[in-house]
Amino acid sequence: MTSEKTTPTSITDHSGLAEQLLRVYENFADEFSRRDVPVHLSDVAREGKYLKGKKLGQHPERFVEQYLIWPTLELLNYEFWAQPYGYPKWDKTRPDFAIKNFDCGEDCAVIGEVKTPNKFEYGKEQMEDYLKSDLGEPTVGITTDGIRWNIEARPEKSPKLLEVVDVNFHDVVRKLPSRHEERESYPNHRTRQEMEVVESLQRETVERGVCEVLTMATES
């Protein structure tokens, strides 16, 4: 036995984060086949169609949360509440989740809005309504349809929305139906490389970005 201390391996070492996120997306794709609707994945991923609850046997938004949103948030080191009470404070509506372990350098709220694939813009509009309706404490908004992830911050008592990061995995998702199509080649390695931008969504990285934009807004 030795008393020498070793440095823990980071989840991002050797592109591990991109590899693990790709597994999340592959499991999402495989679930369509497990439910005998692989063609529906192709319609959504390549044709821009909407998820259909009747084909999935589950509410589309719950399906996306279960197989894409929650696993991705956990992988990126976010602790979250689904359907939180107390957000927003101004009416009876509420976002789809709140982040519990976020440090933006000052007291702030971090809320998220989920939409199903190809409905991202609806979620973005709803998030902007949330952020502009209560100009109290600084608030961070995460909008996602499971494919595109957008994070923006609103400074205290300001209607201005400041983009922190915007990542779109659309090109990756378009490749996923190939996993279940005959005579198709699924480029696993190249697809993983395309996902390495995911590191910009890690909680610690986003915290730094939010701190920076909020500080700049205060000083300007």
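Look a little higher up for the structure.
Rules behind the numbers
- Residues numbered from 1 in each chain as written.
- Predicted model: local features only at pLDDT ≥ 70, side-chain atom pairs only at ≥ 80, totals over all residues.
- Heavy atoms only, no water.
- Helix = DSSP H or I, 4+ residues; strand = E, 2+ residues; numbered from the N terminus.
- Buried < 20%, exposed > 50% of the residue type's maximum accessible area, 1.4 Å probe, protein only.
- Contact = heavy atoms within 4.5 Å.
- Areas by Shrake-Rupley, 256 points an atom, 1.4 Å probe, with all protein chains shown as cover.
- Axes fitted to C-alpha atoms, helices over the stretch in contact; angles between N-to-C directions.
- Parallel < 35°, antiparallel > 145°, perpendicular 65-115°, else oblique.
- Nonpolar A, V, L, I, M, F, W, Y, C, P; charged D, E, K, R; others polar.
- Phe/Tyr/Trp six-rings, centres within 6.5 Å; stacked < 30°, edge-to-face > 60°.
- Lys NZ or Arg CZ within 6 Å of the ring centre and 35° of its normal.

(A) Region of interest: the overall build of the protein. Of regular secondary structure, the protein possesses eight helices and six strands. Traced from its N-terminal end to its C-terminal end, the protein shows the element sequence α-α-α-α-β-β-β-α-β-β-β-α-α-α. With 220 residues in all, the protein has 50% of them scored as buried. For the protein, the proportion of contacts with a sequence separation of at least 24, taken over those separated by at least 6, is 55%. In the structure as shown, the protein presents an accessible area of about 11,800 Å², 45% of it carried by carbon and sulfur atoms.

(B) The arrangement of the packing of helix H1 (residues 16-34) against helix H2 (residues 38-47) in detail. Where H1 meets H2, the axes come as close as 6 Å, and the angle between the chain directions of the two elements is 135°. The orientation of H1 with respect to H2, classified from their angle, is oblique. Together, Phe-28, Ala-29, Phe-32 and Ser-33 of H1 and Pro-38, His-40 and Leu-41 of H2 make up the contact between the two elements. When its residues are assigned to classes, the contact of H1 with H2 shows five nonpolar, two polar and no charged.

(C) Fine view of the packing of aromatic side chains. For the structure shown, the criterion picks out seven aromatic pairs. Look at Tyr-25 and Phe-169: their rings are 5.7 Å apart centre to centre, the planes differ by 65°, and that puts the pair in the edge-to-face class. Here Tyr-25, found in helix H1, pairs with Phe-169, found in the loop between strand E6 (162-168) and helix H6 (170-175); they are 144 residues apart in sequence, far enough to count as distant. Under the relative-accessibility criterion, Phe-169 is labelled buried at 2%. Judged by centre distance (5.3 Å) and plane angle (80°), the ring pair of Phe-32 and Phe-63 falls under edge-to-face. Here Phe-32 is found in helix H1, whereas its partner Phe-63 is found in helix H4 (residues 60-75), with 31 residues between them in sequence. Per residue, the accessibility class of Phe-32 equals that of Phe-63, and both read buried. An aromatic cluster is built from Phe-28, Phe-32, Phe-63 and Tyr-67, whose rings are joined through pairwise contacts. One residue, Lys-119, lies across the ring of Tyr-50, its end atom 4.6 Å from the ring centre.

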